[in-house]
Amino acid sequence: MREINSKAVLLPLITAILVSVTTGQDVLHTFIGDQAGDAFGEALSTTLDMDGDGLPELIIGAFGADSSTANTGSVRVVSPNTGAVLLNLGGMANGDRYGAAVAGLGDVDGDSIGDLAIGAPFNDTNGSDAGLVEVRSGATGALLFVLLGAQKDNEFGASVARIGDLNGDGVSELAAGAPNAVVKGKQRGLVRVHSGVDGALLFVFVGKDDDDRFGEALAGVGDMDGDGVCDIAVGAPSEDGDDKRSGVVHVFSGADGGSIFEFRGVESNEAFGGAVAWAGDLDGDGIAELLVGANSATGPAGEGAAGRVRVFRGGTGDLMFEFYGPDAGDHFGRSVACGEDVDGDGVSDLLVGADQDDTGGSVAGTAWVFSGSDGTKIFEIVGPSGSYFGSTVSGVGDLDGDGRAEFIIGANRGAGNRGSVDVFTPSSCSTPVNFCTSSPNSSGAGATMGWSGTTSIQTNDFVLTAANAVPGQFGLFFYGPNQKQAPLGDGFLCISGSLYRLLPALQIDAGGNVSRLLDFVSSPAGGGSGEILAGSTWNFQFWYRDPAMGGAGFNLTDGLSVTFCP
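Before going into details, it helps to say that this report is about the structure given with it. Quick caveat, the model's predicted, so the values are computed rather than measured. (Residues numbered from 1 in each chain as written. Predicted model: local features only at pLDDT ≥ 70, side-chain atom pairs only at ≥ 80, totals over all residues. Heavy atoms only, no water.)

### A short note on the sheet that holds strand 25 (residues 349-354)
Sheet architecture is open: four strands sit in the order 24-25-26-27, paired in antiparallel fashion. With one partner strand each, in any of the chains shown, strand 24 (332-340) and strand 27 (377-382) form the two edges of the open sheet. Each strand of the sheet is rotated relative to its neighbour by a mean of 20°, with strand direction disregarded. In terms of strand pairing, strand 26 (residues 366-370) meets strand 27 through five bridges, oriented antiparallel. Residue pairing in the sheet places A367 in a bridge with I381 of strand 27. (Pairing = 2+ DSSP bridges. Helix = DSSP H or I, 4+ residues; strand = E, 2+ residues; numbered from the N terminus. Axes fitted to C-alpha atoms, helices over the stretch in contact; angles between N-to-C directions.)

### Quick word on the environment of V363
Mapped onto the elements, V363 comes out in the loop between strand 25 and strand 26. Considered as a pair, V363 and G383 are 20 residues apart in the sequence and their alpha carbons are 8.8 Å apart. The residues touching V363, leaving out its near neighbours within four places in the chain, are D355, Q356, D357, D358, G386, S387 and Y388. (Contact = heavy atoms within 4.5 Å.)

### A short note on the pattern of salt bridges
Scanning the model with the defined rule gives 17 salt bridges in all. For R136, the salt bridge is made with E134, and the minimal N-O distance between the two is 2.6 Å. Considered together, R136 and E134 belong to a single accessibility category, that of buried residues. (Salt bridge = Lys/Arg side-chain N within 4 Å of Asp/Glu carboxyl O. Buried < 20%, exposed > 50% of the residue type's maximum accessible area, 1.4 Å probe, protein only.)

### Structural notes on the packing of aromatic side chains
Tallied over the entire structure, the rule returns 24 aromatic pairs. With a centroid separation of 5.7 Å and an interplanar angle of 20°, the aromatic rings of F407 and F424 are classed as stacked. Pair noted here: F407 is in strand 29 (residues 406-411) and F424 is in strand 30 (residues 420-425), with a separation of 17 residues, a long-range link. Residues F407 and F424 agree in their burial class; the two are buried. Taken together, the ring pairs in this structure connect W451, F462, Y479, Y500, F520, W538, F540 and F564 into an aromatic cluster. Positioned above the aromatic ring of F156 is the side chain of R192, whose terminal nitrogen or guanidinium carbon lies 4.0 Å from the ring centre. One cation-aromatic arrangement involves R413 over Y388; the distance from NZ or CZ to the ring centre is 4.2 Å. (Phe/Tyr/Trp six-rings, centres within 6.5 Å; stacked < 30°, edge-to-face > 60°. Lys NZ or Arg CZ within 6 Å of the ring centre and 35° of its normal.)

### Examining the state of the cysteines
Evaluation of the coordinates by the stated rule reveals one disulfide. Residue pairing for C436: its cysteine sulfur links by disulfide to C494, the two sulfurs lying 2.1 Å apart. Because the torsion about its S-S bond is -80°, the bridge between C436 and C494 counts as left-handed. A residue pair is termed long-range when its members are at least 10 positions apart, and C436 in the loop between strand 31 (433-435) and strand 32 (448-452) and C494 in strand 36 (residues 491-496) qualify at 58 residues. Judged by its relative accessible area of 0%, C494 is buried. Looking at the unpaired C338, the closest cysteine sulfur is the one in C230, lying at 13 Å. What makes C338 buried here is its relative accessible area of 8%. (Disulfide = S-S within 2.5 Å.)

See the structure below:
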């Protein structure tokens, strides 16, 4: 077992301090809870195809729903492709919190249809709040088997996860956490790993000390030690790491249950390990990487509870990437997930939620997509005020066959506190559109904006052009977030909001034409408040001198609206 202090930064490492910029995405479907207080979307997972379209399905937990009595909890299974509801399932008794955790298990019962596990950590079947986990058929919703918490107050089922096939029977196994379990007189918490076929117990992992909350977060993380067997990551966000209650993440071998890695938090009460996830193989070595959230970590400039996410390399445990939330109180890292390949570069990308970010209003929440190749920000999506958008995140794979994966964001208080879940698709490379009006100049008709190349950020070949301007004169391109039409000089200003100039000024050629490559690497488009990201829409215009026209001595083109894609 390697014990790893998460302060240790081994190159290459990218540390990102996020600057909030709202970007637009396309929403394929939105799913909404039935009534206020449902906490719909508090748990998300995907499972194998259930409706015959060859695509995964989405499992959504709503632990606050009144499915039979108050706060029983419920689970809805939907198609993220068509939006159809495939299953509705409910808990047994008041306060069960059925659906507090969900996991797709693959095909457990051999009918070639994906099945699912559902946690109800406050169920009282085996004692008050002992908890349970149900395994149900994806085809019919029928109960396949039940796993019970060992004793009262265990909260068994607070976390559940598909682990992969550990015993060679061709069926994935199931892990479930009981973060409040008492072992040898201390409330250490535990995780049990069970056979996916019949629920037989395979492994038990136990926390180290009292109130560690061992098992509060849980993930099957693929093969992290290179032995060809899937491994298990367990978060203990209250365990003493390098500081009091800083949190620890333990990675255990799926082959023999031995300890492989121990990643330790560095700051008291930062909740390191409050969220853990498989990150995919980011460096192409055939070994999986690990995502860990610490949503109460202090930011680099002292921003309390800004939150932090770290990505650790499989095989060595080295730190690959580190990301911080932009502002105090954001709780960046509340949720983390592998987004699969969102930008189409062949490498899985990373999803992170900050459900208390205030960019869109008080506790609106924000979610980000980061490149798994180099850690750069691909998308940033801001939720509506009060929604806690980003409370959960999940990858779902490529639903539309365009080579780029869709992804899912939950907002457990969205849609009037009912909870909501959105399925997003990466914005397409759309065609730029002219808007506003140009005015005649001393050379004749008004100058107009144009473009060449593509609107792809990765390709970085987008060229702004202007035609019919005044030959020999100088001018410059500029851009901003909003549109308007207001008189300025001898023409119209078509853009409002913060304006960004693309320097230096350019001389118009003898034909009245001028062009400039929009470099997404260099300032202002490459960083800061003028950064241009995939999915964002910006408006462009060209200002130029025209002393022969009289009047103000300068003019402007019309505007060009551009939505950029990965």
